[in-house]
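This is what each chain is made of:
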Amino acid sequence: MLQNPDATTEQQVAENTDFEVRSLDAMCVNESRIEHKWYDNLKYMVVGILFGIVFVKAEIVSWFRIQEMFKLQSFHMYGVIGSAVMVGAISVWLIKKFNIKTIDGEPITFHPKTFNKGQIIGGLLFGLGWGITGACPGPLFAQIGTGATAVIATLLSAIAGTWVYGLLREKLPH
Amino acid sequence: MNLIELIKQPWPWYIAGPLIGLTVPALLILGNKSFGISSSLRHICAACMPANIPFFKYDWRKEAWNLFFVAGILLGGFIAAHLLANPEPIMVHPDLVASLAQYGITDYSNLVPVQLINWEALTTPRGFVMMVVGGFLVGFGTRYAGGCTSGHSIMGLSTLQWPSLIATICFMIGGFTMVNVILPYILAL
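Quick look at the packing of aromatic side chains now. If you walk through the whole model with that rule in mind, you get 22 aromatic pairs over all chains. On the numbers, 5.3 Å between centres and 20° between planes, the contact of F115 of chain A with W162 of chain B is stacked. In this pair, F115 of chain A is assigned in the loop between α5 (76-97) and α6 (118-133) and W162 of chain B in helix α8 (residues 162-187), connecting two distinct chains. F115 of chain A gets classed as partly exposed once you look at its relative accessible area, which sits at 37%. Grouping aromatic residues by their ring pairs yields a cluster made of Y44, F51 and F55 of chain A together with F35, W65 and F69 of chain B. Directly above the ring of F110 of chain A sits K96 of chain A, whose terminal nitrogen or CZ lies 4.8 Å from the centroid. Directly above the ring of F55 of chain B sits R42 of chain B, whose terminal nitrogen or CZ lies 3.7 Å from the centroid.

Two measures define how a pair of helices packs: the angle their axes make with one another and the distance between the axes. All names here are of chain B. Relative to each other, helix α6 (residues 125-145) and α8 sit at 165°, their axes nearing to 13 Å. As judged from the angle between their axes, α6 and α8 are roughly antiparallel. Along this stretch, α6 crosses α8, giving a crossing that reads as right-handed. Side by side, α6 and α8 meet where R126, V129, M130 and A145 of the first sit next to F171, L183, I186 and L187 of the second. Taken together, the residues of the contact of α6 with α8 sort by class into seven nonpolar, no polar and one charged.

Here we come to the nonpolar core. Among the nonpolar cores identified, the biggest contains 98 residues, and F64 and W130 of chain A together with I20, F35, I37, F69 and I73 of chain B are the most heavily contacted of them. For this core, the element with the most residues is helix α3 (residues 42-57) of chain A, which contributes nine residues. Viewed by domain, this core spans two of them, domain 1 (1-85) and domain 2 (116-189) of chain B, each represented by three or more residues. Non-local contacts of I20 of chain B, meaning those with residues more than four positions away in its chain, are made with F51, V54, F55, I60, V80 and A84 of chain A together with I154 of chain B.

Cut-off values and rules
- Residues numbered from 1 in each chain as written.
- Chains lettered and ligands numbered in written order.
- Predicted model: local features only at pLDDT ≥ 70, side-chain atom pairs only at ≥ 80, totals over all residues.
- Heavy atoms only, no water.
- Phe/Tyr/Trp six-rings, centres within 6.5 Å; stacked < 30°, edge-to-face > 60°.
- Helix = DSSP H or I, 4+ residues; strand = E, 2+ residues; numbered from the N terminus.
- Buried < 20%, exposed > 50% of the residue type's maximum accessible area, 1.4 Å probe, protein only.
- Lys NZ or Arg CZ within 6 Å of the ring centre and 35° of its normal.
- Axes fitted to C-alpha atoms, helices over the stretch in contact; angles between N-to-C directions.
- Parallel < 35°, antiparallel > 145°, perpendicular 65-115°, else oblique.
- Left-handed = near helix turned anticlockwise from the far one by under 90°.
- Contact = heavy atoms within 4.5 Å.
- Nonpolar A, V, L, I, M, F, W, Y, C, P; charged D, E, K, R; others polar.
- Core = buried A, V, L, I, M, F, W, Y, C linked by side-chain atoms within 4.5 Å.
- Domains from an automatic or database assignment.

This is how it looks when you write it as structure tokens:
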């Protein structure tokens, strides 16, 4: 957290109390009650750096690997995602089982996702985009880091897509 | 072969997958953060152009950790490509090489197909679809679905959320349809 939310933003957040909006996303749900300095966020950057290195070294950010996955020509991506889910699931199970706390001693919380039509419609649309760009949002950042600057255009378009979704959100079936 | 040379080789799935899976507990233990990347795009919208849209009216500063995380991914990509680069061209399935050659894609020097995705191509129909249309679908679709491969397929499945399983199945249906049915027409543009 960068700073205390001032009165204006608190008011804005209060106006945006629609919990459903928040619970649709992996965001705005886990709020720390401890005040952190901005540089506390650097620890997440370190995790991001390690994660980005794995992304590139295992060629997960490669357009060609995504093509192979969807043409069933390689097991690589299935192995990556499958083993990541297994390790993630075991970790989450251990955290729950032993009631592991954060390094600041706060409890770790999980928020159930609720089903809505967006997971189907949005999921299909994202899948179509994934097949074209060969990158989900994470790899877009990693690809730019490797020096593929033209991917900045793809990322800007993805940000525009997110913005248009926000604009049309009330009109879309959920 | 020394360690550095070993690290420069492409990493197998059974090394990379578990390391990616460990991101889930790492973020939870460091600060009770749910792994998810596509949310960063929403925070960028909220920070740069909220335009009074309710979906972007929240205190994005509270989610700044996510922006530090994706900035780290970008830096990680830089480090891997410049300090740990594998000098060999990327090895792909011969059937893929044969089918891409029909569309003039023969350069395997980069993880990104430089003949398809480059600044000059942006103004051609094929490049426009590959970058602008593809990117738009990624941004629109992930937010509509409430997450991407990280938030749904890895974090969601790790916490046994059935909506995330549905989302993941839809991601895969979309991807299979694009690559096998639609993309050949796009590549032929």
